[in-house]
Amino acid sequence: MHVIVHGGAGSPPESPATRQATLTDAAEQAAKAERPMEAVLAALRPLESDPAFNAGVGGAVQSDGEVRTDAGMMTHDGQTGAACAMSGVVHAADVARTVAAETPHVLLAGDEAVAFAAGSGVETDRDLTTAETRQRYERANPPDGDPADHLDWVREHFSGTDTVGAVATDGDRLAAATSTAGRWFALAGRVGDVPQIGAGFYADDRGGASATGEGEPIARFGLARHAVEQLDTYGPRQAAEEAIADFEDATGGRAGVIVLDRAGHTGAERNTAAMQTARR
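Parameters and conventions
- Residues numbered from 1 in each chain as written.
- Predicted model: local features only at pLDDT ≥ 70, side-chain atom pairs only at ≥ 80, totals over all residues.
- Heavy atoms only, no water.
- Axes fitted to C-alpha atoms, helices over the stretch in contact; angles between N-to-C directions.
- Helix = DSSP H or I, 4+ residues; strand = E, 2+ residues; numbered from the N terminus.
- Parallel < 35°, antiparallel > 145°, perpendicular 65-115°, else oblique.
- Contact = heavy atoms within 4.5 Å.
- Nonpolar A, V, L, I, M, F, W, Y, C, P; charged D, E, K, R; others polar.
- Phe/Tyr/Trp six-rings, centres within 6.5 Å; stacked < 30°, edge-to-face > 60°.
- Buried < 20%, exposed > 50% of the residue type's maximum accessible area, 1.4 Å probe, protein only.

A. Region of the structure containing the packing of helix H2 (residues 36-48) against helix H3 (residues 92-102). At a minimum axis distance of 8 Å, the contact between H2 and H3 shows a crossing angle of 150°. By the angle between their axes, H2 is roughly antiparallel relative to H3. Residues Met 37, Leu 41, Leu 44, Arg 45 and Glu 48 of H2 pack against Ala 92, Ala 93, Asp 94 and Arg 97 of H3. A per-class count over the contact of H2 with H3 returns five nonpolar, no polar and four charged.

Right, dumping it as structure tokens:
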């Protein structure tokens, strides 16, 4: 099993060595899986549980004080699932996988996605905040009222880019997955690129990609699919480089992307200050 994992593109982390060790362990555990789909989920679960990463526990807080998680996954043969805007769900990637495996749909959202997760055996009703994230939210003097009343505050405070993702192949099958708690101080209910096919994640016969960064420009550009399309011309390393260069030229946004081809070759590129990755 060949695996590449990222811990999000953005500012340099406070404890890079600790985060790198977690990413390395996640990649090593993922490489023990029997199938690529199981491998990417195995890679993401410890990252979703670790407040050092912006996925489940300790993730970004939206304007109403809620942490809402999103994820998407796809295999080389087109099996696809995503789930978004879920309160209380740590392992959003597991929900995305169940959507892909058990339903005729691609994407479930909101309270209904949470109910589906609970009925499928995925843990729900978790408090995803930490003391640190609650303090950060309160220091920002959060707004009152409905989301429509939050817009001025959101325009002033909206920030952040981190996400986690993984791509894996056994030389025959391939899977890509991305999971996030979104961006800090987003409008309540905001959903970014992560659960959108071709934006935050993509896979086909050529390879797979997981994107991270500013979700709105990533979604408009379709970064993950664009990165995989570059495999028609380049190896994964240059495919990632070309994809980020094209993305920056087209949008001016900040992002990173990891790419893996069916042979297990990897690539990673960013135009942010940092993006930690691990390969196995």
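That shown, we press on.
B. Layout of the packing of aromatic side chains. Throughout the structure, instances matching the rule amount to four aromatic pairs. Each ring, one from Tyr 137 and one from Trp 153, has its centre 6.3 Å from the other, and the planes form 80°; the classification is edge-to-face. Residue Tyr 137 is found in helix H5 (residues 131-139), and its partner Trp 153 is found in helix H6 (residues 151-157); the two are separated by 16 residues along the sequence. As far as the burial class goes, Tyr 137 and Trp 153 line up, both buried. With a centroid separation of 5.7 Å and 75° between ring planes, the pair formed by Phe 221 and Phe 247 is classed as edge-to-face. Remark: Phe 247 occurs in helix H9 (residues 236-251) and Phe 221 occurs in helix H7 (residues 215-221); sequence separation between them is 26 residues. In this structure Phe 221 comes out as partly exposed when scored by relative accessible area, which is 22%.

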